[in-house]
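Geometric and topological summary
Listed below, chain by chain, are the residues.
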Amino acid sequence: VVLDLGVSSMQLDQGERGFSIRNDGLLNMRMDMGVHGGPTAADFVNSAPEEEIADVIWKYGEERASRRIARAIVQSRAQAPFTTTRQLADVVR
């Protein structure tokens, strides 16, 4: 049995896809890189309410510090919007 789960580590490691914190790139985090791919991660972290960001971090990342991280994201974006993975990683650390 062979399964194609649709994601490879090579795709996640590409900086331009915006998933990797090792390779700085635009904060994208979408598998569909085209214009019809929906909102980017930058769109989300730059506009979502703090509570929604915290809920997403908790639900999908199972991160106990989700509320603290969401608060830091909202405080940081008030100074300048997030555009790269490194910017977000620096705030999350």
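Look up: the structure comes first, before these words.
Residues numbered from 1 in each chain as written. Predicted model: local features only at pLDDT ≥ 70, side-chain atom pairs only at ≥ 80, totals over all residues. Heavy atoms only, no water.

Notes on the overall build of the chain
- A tally of helices and strands in the chain yields five helices and zero strands.
- Ordered by position from N to C terminus, the α and β elements of the chain give α-α-α-α-α.
- When burial is assessed residue by residue, the chain has 28% of its 93 residues classed as buried.
- Carbon and sulfur atoms make up 55% of the accessible area of the chain, which amounts to about 6,600 Å² in all. (Helix = DSSP H or I, 4+ residues; strand = E, 2+ residues; numbered from the N terminus. Buried < 20%, exposed > 50% of the residue type's maximum accessible area, 1.4 Å probe, protein only. Areas by Shrake-Rupley, 256 points an atom, 1.4 Å probe, with all protein chains shown as cover.)

Describing the nonpolar core
- Residues Leu27, Val45, Ile53, Ile57, Ile73, Phe82 and Leu88 are the most contacted members of the largest nonpolar core, which totals 13 residues.
- Contributing elements (two or more residues each) for this core: helix H2 (41–47), helix H3 (50–61) and helix H4 (66–79).
- Beyond its immediate chain neighbours, meaning those up to four positions away, Leu88 contacts Leu27, Ile73 and Phe82. (Core = buried A, V, L, I, M, F, W, Y, C linked by side-chain atoms within 4.5 Å. Contact = heavy atoms within 4.5 Å.)

Quick notes on the pattern of salt bridges
- All chains considered together, the criterion is met by three salt bridges.
- Two residues, Arg67 and Asp55, come together in a salt bridge whose shortest N-O distance is 2.9 Å. Separated by twelve residues along the polypeptide, Arg67 in helix H4 and Asp55 in helix H3 bring together distant segments of the chain.
- For Arg67, a relative accessible area of 43% puts it in the partly exposed group.
- Residues Asp90 and Arg93 are paired through a salt bridge, measuring 3.6 Å at the closest nitrogen-oxygen approach. (Salt bridge = Lys/Arg side-chain N within 4 Å of Asp/Glu carboxyl O.)

With respect to unusual backbone geometry
- Not every positive phi belongs to a glycine, and Glu62 is a case in point at roughly 50°.
- The topology assignment puts Glu62 in the loop between H3 and H4.

Notes on the packing of H3 against H4
- Packing of H3 against H4 brings their axes to within 8 Å, and their N-to-C directions diverge by 135°. Our classification of the angle between H3 and H4 gives oblique. Between H3 and H4 lies a crossing of right-handed hand. Here Glu50, Glu51, Ile53, Ala54, Asp55, Ile57 and Trp58 of H3 lie close against H4, whose contacting residues are Ser66, Arg67, Ile69, Ala70, Arg71, Ile73, Val74 and Arg77.
- Tallied by class, residues from the contact of H3 with H4 come to eight nonpolar, one polar and six charged. (Axes fitted to C-alpha atoms, helices over the stretch in contact; angles between N-to-C directions. Parallel < 35°, antiparallel > 145°, perpendicular 65-115°, else oblique. Left-handed = near helix turned anticlockwise from the far one by under 90°. Nonpolar A, V, L, I, M, F, W, Y, C, P; charged D, E, K, R; others polar.)

So, the packing of H4 against helix H5 (residues 85–92)
- Packing of H4 against H5 leaves a shortest axis separation of 9 Å and a crossing angle of 125°. Considering the angle they form, H4 stands oblique to H5. Here H4 runs over H5; the crossing is right-handed. Mapping the contact onto sequence places Arg68, Ile69, Ala72, Ile73 and Ser76 in H4 and Leu88, Val91 and Val92 in H5.

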